[in-house]
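These are the residues of each chain, in order.
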Amino acid sequence: MRILVIGGGAREHALCHALNRDPDVTALHCAPGNAGIAEQATLHPVDAADGPAVAELAAGLGCDLVVIGPEAPLVAGVADAVRAVGIPVFGPSAEAARLEGSKAFAKEVMAAAGVPTARSYVCVTPEETDAALDAFGPPYVVKDDGLAAGKGVVVTGSREEASAHAASCGRVVVEEFLDGPEVSLFAVTDGVTVVPLQPAQDFKRALDADLGPNTGGMGAYSPLPWAAPGLTDEVLASVLQPTVDEMRRRGTPFSGLLYAGLAVTSRGIRVIEFNARFGDPETQVVLARLRTPLSGLLYAAATGELAQFPPLRWSDGAAVTVVIASAGYPAAPRTGDPVEGLAEVAEKDAPQAYVLHAGTRRDDDGRIVSAGGRVLSVTAAGAGLAEAREHAYRAVGRIRLAGSHHRTDIAAAAAESS
């Protein structure tokens with residue numbers, strides 16, 4: 001198979017890393033990619049959100065499959081443009097991607113499908129927001145209705161902060177706070193059949209002990225030793241399959257990756273949000289544990305053949321990802337700083353640990369430098385979470401990036417309890 005991956009972050013590097021090891025992949029391309037992906041795929045300087053340009057590139061390369069990583073191209077209809085030229089795509093249509101593109105729409109679908117989620121109000125005016133905040137009380141949960149790159153949600157005990165966030169967004173969803181640990185569960189679907197992957201947990205706050213501002217994600221781990229054995233089956237039956245069935249009933253079938261962000265509350269499982277693509281950084285750990293070749297799974301979803309696909313195979317071990325972020329992230333990330341130590345990780349820590357690039361590029365002198373807020377995802381595997389953590393943090397210690405920061409407690413509590 002000749003495959004084109006769209007995007008340029010650590011999620012796309014994780015996809016390319018898995019596809020590069022797949023014996024069925026004969027040519028791997030990525031647009032626009034980053035400095036790390038360039039070592040595993042041929043890069044093309046095409047705007048990921050430009051549907052006609054992506055379709056033209058895929059056709060010119062003779063691609064058998066296009067895999068769209070980020071949410072913005074999906075909401076912009078890039079998958080539709082590629083399908084229009086007859087090339088299979090892993091990723092939903094623009095209409096189906098509204099599950100992520102509009103939180104209000106997602107709530108509407110969940111209500112129709114009987115999917116358990118937080119009670120909520122859609123608010124446009126300050127008066128509506130005030131009434132909703134009064135109804136639920138603290139801690140307040142305010143979500144930008146549209147795409148916000150993982151940073152559109154505020155959870156706070158401050159009424160002033162909640163109101164200010166709502167005012168900065170315009171249209172928001174205000175909802176009740178959900179107690180209990182959070183779980184990320186991905187499912188591959190062709191619009192009919194739904195195949196769940198292994199659950200993971202990510203860490204949204206910038207600092208240890210879940211302090212600091214919300215980020216796009218500072219680390220993740222899988223599996224979840226504290227989760228109930230039947231969690232995945234329960235989510236498939238009560239959340240994932242009903243949502244896919246409802247989308248098909250509406251005439252906008254959802255094909256691609258349906259990501260359910262969940263809270264395991266005292267009253268049962270509740271959906272926090274849906275995403276229409278692989279999550280970052282959870283993809284890094286989920287794919288590190290997947291033993292089934294990735295290309296066949298994605299192609300089966302893109303071509304409506306998932307019902308015939310054999311059961312997925314997984315490693316018995318664990319995986320941990322630690323994100324190294326640039327100085328000033330998330331408020332005002334600094335870019336252009338040299339990244340050093342990558343060769344040391346490759347020499348001393350592989351294959352147990354490896355580095356996936358997120359915000360990197362090569363400068364005029366050929367050096368790899370930071371080019372975004374989240375710069376690297378250091379990913380490691382081990383027999384258990386404690387061993388995976390040890391491999392990951394040993395590799396993190398070799399990376400040198402001026403002013404960078406990372407969390408030191410990724411998977412720590414889970415490792416101690418397992």
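Just so it is clear, the model here is predicted, and its values are computed rather than measured.

1. As for helix α7 (residues 126-136)
Those residues of α7 not exposed but buried are T129, A132, L133 and F136. Angularly, the buried residues of α7 cover 100° about the axis, an arc narrow enough to put them on a single face. Pointing more than 90 degrees away from the buried face of α7 are the exposed residues E127 and D134. Residues of α7 that are buried make contact with β6 (120-123), β7 (140-144), α8 (159-169) and β9 (172-175). The first or second residue beyond α7 is G137, which carries a positive phi of 75°.

2. Things to note about the pairing of strand β4 (residues 65-68)
Burial of the side chains of β4 extends over both faces: L65 and V67 are buried on one face and V66 and I68 on the other. In this structure, strand β1 (residues 2-7) lies alongside β4, joined through four bridges in parallel fashion. Its bridge partner being in β4, L4 is matched across the sheet by V66.

3. A closer look at the sheet that holds strand β16 (residues 256-265)
The strand order across the open sheet formed by four strands is β11-β10-β16-β17, and the pairing between neighbours is antiparallel. Edge positions in the open sheet fall to β11 (194-196) and β17 (268-275), since each of these has one partner strand only. Neighbour-to-neighbour, the strand axes of this sheet turn through a mean angle of 35°, independent of strand direction. When strand β10 (residues 182-189) meets β16, the two strands line up antiparallel, connected through eight bridges. Across the sheet, V188 pairs through a bridge with L257, a residue of β16.

4. Some points on the packing of helix α6 (residues 103-113) against helix α9 (residues 231-249)
Packing of α6 against α9 brings their axes to within 9 Å, and their N-to-C directions diverge by 100°. With respect to α9, the element α6 is oriented roughly perpendicular. Counted together, F105, V109, A112 and A113 of α6 and P242, T243, E246 and M247 of α9 form the full contact between these two elements.

5. Some remarks on the packing of aromatic side chains
Scanning the model with the defined rule gives five aromatic pairs in all. Consider the rings of Y121 and F136, whose centres lie 5.4 Å apart with planes at 40°: the pair is tilted. With Y121 in strand β6 and F136 in helix α7, this pair connects stretches of sequence that are 15 residues apart. An aromatic cluster is built from F90, F186, Y259 and F278, whose rings are joined through pairwise contacts. The ring of F105 carries the charged tip of R98 above its face, separated from the ring centre by 4.1 Å.

6. A closer look at the side chain of T117
Here T117 is to be found in the loop between α6 and β6. Since its relative accessible area comes to 19%, T117 is described here as buried. Of note is the side chain of T117, whose polar atom sits 2.9 Å from the side chain of K107. Beyond its immediate stretch of four places on either side in the chain, T117 contacts K107, M110, E176, R270 and V271.

The rules behind each value
- Sequence order sets the numbering: in each chain, residues are counted from 1 along the sequence as written.
- With pLDDT at 70 or above as the cut-off, local features in this predicted model cover only qualifying residues; side-chain atom pairs require 80 or more to be listed or tallied, and sums for whole chains, interfaces and linings still use all residues.
- With hydrogens and water excluded, all non-hydrogen atoms of the structure serve as input to the side-chain values.
- Only protein chains enter the area calculation, which uses a 1.4 Å probe; residues under 20% of their type maximum are buried, those over 50% are exposed, and those in between are partly exposed.
- Note on conventions: DSSP H or I runs of at least 4 residues are helices, E runs of at least 2 residues are strands, and numbering of each starts at the N terminus.
- For this quantity, the arc is that covered by the directions from the helix axis to the C-beta atoms.
- The contact rule is simple, with two residues in contact once any of their heavy atoms fall within 4.5 Å.
- Pairs of strands are assigned from DSSP output, requiring at least two bridges between the strands.
- Interaxial angle, 0 to 180 degrees, is taken between N-to-C directions of lines fitted to C-alpha atoms, where a helix line uses only the stretch in contact.
- When an angle is under 35 degrees it counts as roughly parallel; over 145 it counts as roughly antiparallel; between 65 and 115 it counts as roughly perpendicular; any other value is oblique.
- Centre distance within 6.5 Å is the pairing criterion for rings of Phe, Tyr and Trp, where only the six-membered ring of Trp is used; planes under 30 degrees apart are then read as stacked, over 60 as edge-to-face, and the remainder as tilted.
- In this analysis the charged atom, NZ for Lys or CZ for Arg, is taken to sit over a ring once it is within 6 Å of the ring centre and within 35 degrees of the ring normal.
- A 3.5 Å cut-off defines polar contacts: any pair of N or O atoms within that distance qualifies, except that in protein one atom must be a possible hydrogen donor and the other a possible acceptor, and neighbouring residues in sequence count only when both atoms are side-chain atoms.

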